[in-house]
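Here is what each chain is made of, one letter per residue.
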Amino acid sequence: MSRFILVTGSSRGLGASLVRHFLDRGDTVIGCARSEASFSQPNYLHHAIDIADDEAVKAMFFSVRKQVPHLDAVINNAGIARMNAFALTPPQSLRDILAVNVLGTFSCSQRAIGLLRKSPAPRIVNFTTVAVPLQLDGEAAYAASKSAVETLTRIMARELAPFNITCNAIGPSPIQTDLIKGVGEEKIARLVARQAIHRMATPEDVINVVDFFLSPGSGMVTGQIVYLGGIS
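Everything numeric here is computed off the predicted structure, so don't read it as measured data.

Right, let's talk about the overall build of the chain for a bit. The number of helices and strands found in the chain is 7 helices and 7 strands. Shown N-terminal to C-terminal, the secondary structure of the chain runs as helices and strands in the order β-α-β-β-α-β-α-β-α-α-β-α-α-β. In terms of overall dimensions, the chain is globule-like: its C-alpha atoms have a radius of gyration of 17 Å, near the 17 Å expected for 232 residues. Taking the principal axes of its C-alpha atoms as reference, the chain extends roughly 45 × 35 × 35 Å. In the chain, which comprises 232 residues, the share counted as buried stands at 48%. Within the chain, contacts between residues at least 6 apart in sequence are counted, and of these 69% link residues at least 24 apart. Charge centroids of the chain, computed over 22 positive and 19 negative side chains, lie 5 Å from each other.

Set out below in structure tokens:
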């Protein structure tokens, strides 16, 4: 059965892979990103917004309510990262990261509740990172933002359970996307070596977990954080 799915950060990288996956399944996808859509497809509805701007998110959902009867899932994929030593991280970088990664996830999830409640199996999937449990050097601001997302995920799971809405999060190991293009190869290699599975993740690895969370049979799975790769 086709679904109505919202994907943030849909214009490139993992977000674009998620959009293509859902469209190939026959779903209707509402995407949002700061840039315009790079393609046109009848079942793809795009909104060019900055999710760090709550008023822009509010306006987007005003339009979404006119476009679709409900939402079956919200995939909070949008995120930014700026790798830098703690002592050298400008406070504005932290503000920018928190605005997108935390406020964006918060706003999109909150605004979606009414539409999700109309679905027979409503789901929210957030994104964290293995940088949280690994406490990686040079990622203080990014990891702190994703720690906040993890706490938000667990509390949302409890508070939204009466509405039948599950909320879980995925922490991918490194994927070859723009998000890590500024990270040196040596650092990536050291990170991968700390995993039980010594390779970088792929979009397909993440999509596999997303599909599990979105499955109608996963109604009892909520408040969970799944890290890929087997970290140690």
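Moving on, we get to helix H1 (residues 13-24). Between its terminal C-alpha atoms H1 stretches 17 Å, which fits the 16 Å expected from 12 residues at 1.5 Å a residue. Within the span of H1, buried status applies to Leu 14, Gly 15, Ala 16, Ser 17, Leu 18, Val 19, Phe 22 and Leu 23. For H1, the secondary structure elements touched by its buried residues are strand S1 (4-8), strand S2 (28-33), strand S3 (44-48), strand S4 (73-76), strand S5 (123-127) and helix H7 (203-214). Once H1 finishes, Gly 26 follows within two positions and takes phi at roughly 95 degrees, a positive value.

Relative to the helices and strands, Thr 28 is located in strand S2. It is 28 Å that separates the C-alpha atoms of Thr 28 and Ala 99, two residues lying 71 residues apart in sequence.

Looking now at the sheet that holds S3. Taken together, 7 strands build an open sheet; the order of strands is S3-S2-S1-S4-S5-S6-S7 and the sheet is parallel. At either end of the open sheet lies a strand with only one pairing partner, and these are S3 and strand S7 (225-227). Taken over all neighbouring pairs, the strand axes of this sheet differ in orientation by 15 degrees on average, direction set aside. Relative to S7, strand S6 (residues 166-171) runs parallel, the two sharing 3 bridges.

Now for the environment of Gly 230. Of note, Gly 230 is situated in the segment after S7. Residues Gly 230 and Arg 194 lie 36 residues apart in sequence; the distance between their C-alpha atoms is 8.5 Å.

Calculation notes
- Residues numbered from 1 in each chain as written.
- Predicted model: local features only at pLDDT ≥ 70, side-chain atom pairs only at ≥ 80, totals over all residues.
- Heavy atoms only, no water.
- Helix = DSSP H or I, 4+ residues; strand = E, 2+ residues; numbered from the N terminus.
- Rg over C-alpha atoms; globule rule 2.2 N^0.38 Å.
- Buried < 20%, exposed > 50% of the residue type's maximum accessible area, 1.4 Å probe, protein only.
- Contact = heavy atoms within 4.5 Å.
- Lys, Arg positive; Asp, Glu negative; His and termini not counted.
- Charge placed at Lys NZ, Arg CZ, Asp CG, Glu CD.
- Expected span 1.5 Å × (residues − 1).
- Pairing = 2+ DSSP bridges.
- Axes fitted to C-alpha atoms, helices over the stretch in contact; angles between N-to-C directions.

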